[in-house]
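Geometric and topological summary
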Amino acid sequence: NVAVARGAYAAGSAEKAAGYYQKALQRSRVMDSPSEIARNAYNLAACLAALHSYDAAQACLDEARLEFQRAGIPCRELSLLEAKIARAQGRSQEAVSLARAEQKKPNDPNDAIRVQWQLLLAELLCDQDQAANADTELAAIGPKQLQACGTDVRAETALTRGRVQMLKRNPQAAALQYDIAAGYWQEAGRYSAMVSALDQARQIGRAHV
């Protein structure tokens with residue numbers, strides 16, 4: 001179930017992945033394996049968040065947190081997903097507070113999770129039309145940091161840069177970033193996301209011819 005779920009999620013099918021993670025979670029509960037319950041609950045939460053089922057995703061995160069604690073396993077990704085859900089539900093200040101608190105922690109600056117926090121903060125600033133501040137957050141992510149991240153994080157970085165450029169009224173620069181994002185999504189095999197990024201680039205091109 002977990003293997004199929006991972007493949008489905010990587011291919012961009014969160015709904016299919018959620019079904020398999022749900023089955024895996026039920027089985028891990030029967031086994032009473034804290035580590036497996038925690039991982040499957042977290043992964044199910046990620047799928048549910050992608051499907052905009054935020055309350056159900058938060059319930060899974062609450063279960064995952066308890067089980068990670070019971071297993072004695074740290075999970076820094078959990079707070080990140082919680083902050084993303086808060087943003088999606090309009091609780092922007094809560095999401096900003098979580099991101100700022102994470103920035104104060106003595107983490108490795110090249111850590112991929114740290115980069116994702118920077119991205120989330122940039123997106124939150126874009127939500128508030130603070131393009132300059134968002135640009136500052138993105139500028140803090142160095143090339144070596146991005147290189148250490150996965151292809152999906154690089155794609156998301158390009159999308160956020162594109163959004164900042166649109167706020168700064170630089171449509172050509174924005175379209176270039178969306179094209180870059182599309183290339184990363186193609187490399188990752190996320191073809192629906194690739195098409196979406198290409199469509200954004202084309203729409204910008206048509207609107208500013």
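As a reminder, the structure under discussion sits directly above these lines.
Values in this document were obtained by computation on a predicted structure and should not be read as measured data.

Details of the nonpolar core
Most often, soluble globular proteins keep nonpolar side chains buried together rather than apart. L44, L61, L81 and I85 are the most contacted members of the largest nonpolar core, which totals 24 residues. Contributions of two or more residues to this core are made by α2 (14-31), α3 (34-50), α4 (54-71) and α5 (76-88). Ranked by residues supplied to this core, first place goes to α3 with 10 residues. For L61, the contacting residues outside a window of four places in its chain are Y42, A45, L78, L81, E82 and I85. Counting 23 residues, the second-largest nonpolar core is a separate cluster that includes W117, L119, L138 and L146.

Brief notes about the side chain of E67
For E67, the position within the fold is in helix α4. The class of E67 is buried, set by a relative accessible area of 14%. What E67 contacts, discounting residues up to four positions off in sequence, is P34, I37 and A38.

Details of the environment of A24
Note on placement: A24 falls in helix α2. The exposure class assigned to A24 is buried, which follows from its relative accessible area of 8%. Put simply, A24 and L120 are 96 residues apart on the chain and 29 Å apart in space, counted from C-alpha to C-alpha. The contacts of A24, once residues within four sequence positions are left out, are N1, V2 and N40.

As for the environment of L66
On the secondary structure map, L66 appears in helix α4. Judged by its relative accessible area of 56%, L66 is exposed.

Things to note about unusual backbone geometry
Positive phi values are uncommon outside glycine, yet H52 reaches one of about 65 degrees. Looking at where H52 falls in the secondary structure, it is placed in the loop between α3 and α4. Positive phi values are uncommon outside glycine, yet R169 reaches one of about 60 degrees. Note that R169 resides in the loop between α10 (151-167) and α11 (171-188). Residue classification places R169 among the exposed positions, given a relative accessible area of 71%.

About the thresholds
Each chain has its residues counted from 1, running along the sequence as written. Local features are withheld for residues below a pLDDT of 70 in this predicted model, meaning they are given only at 70 or higher, and side-chain atom pairs are given and counted only at 80 or more; totals for whole chains, interfaces and linings count all residues. Side-chain numbers come from the whole structure's heavy atoms, not from hydrogens or water. Buried residues of nine kinds, namely Ala, Val, Leu, Ile, Met, Phe, Trp, Tyr and Cys, make up a nonpolar core once their side-chain atoms join them within 4.5 Å. When accessible area is computed with a 1.4 Å probe and restricted to protein chains, residues below 20% of their type maximum are described as buried, those above 50% as exposed, and intermediate ones as partly exposed. Elements are defined by DSSP. Helices are runs of H or I of four residues or more, strands are runs of E of two residues or more, and each kind is numbered from the N terminus. Residues count as neighbours in contact if any of their non-hydrogen atoms are within 4.5 Å of one another.

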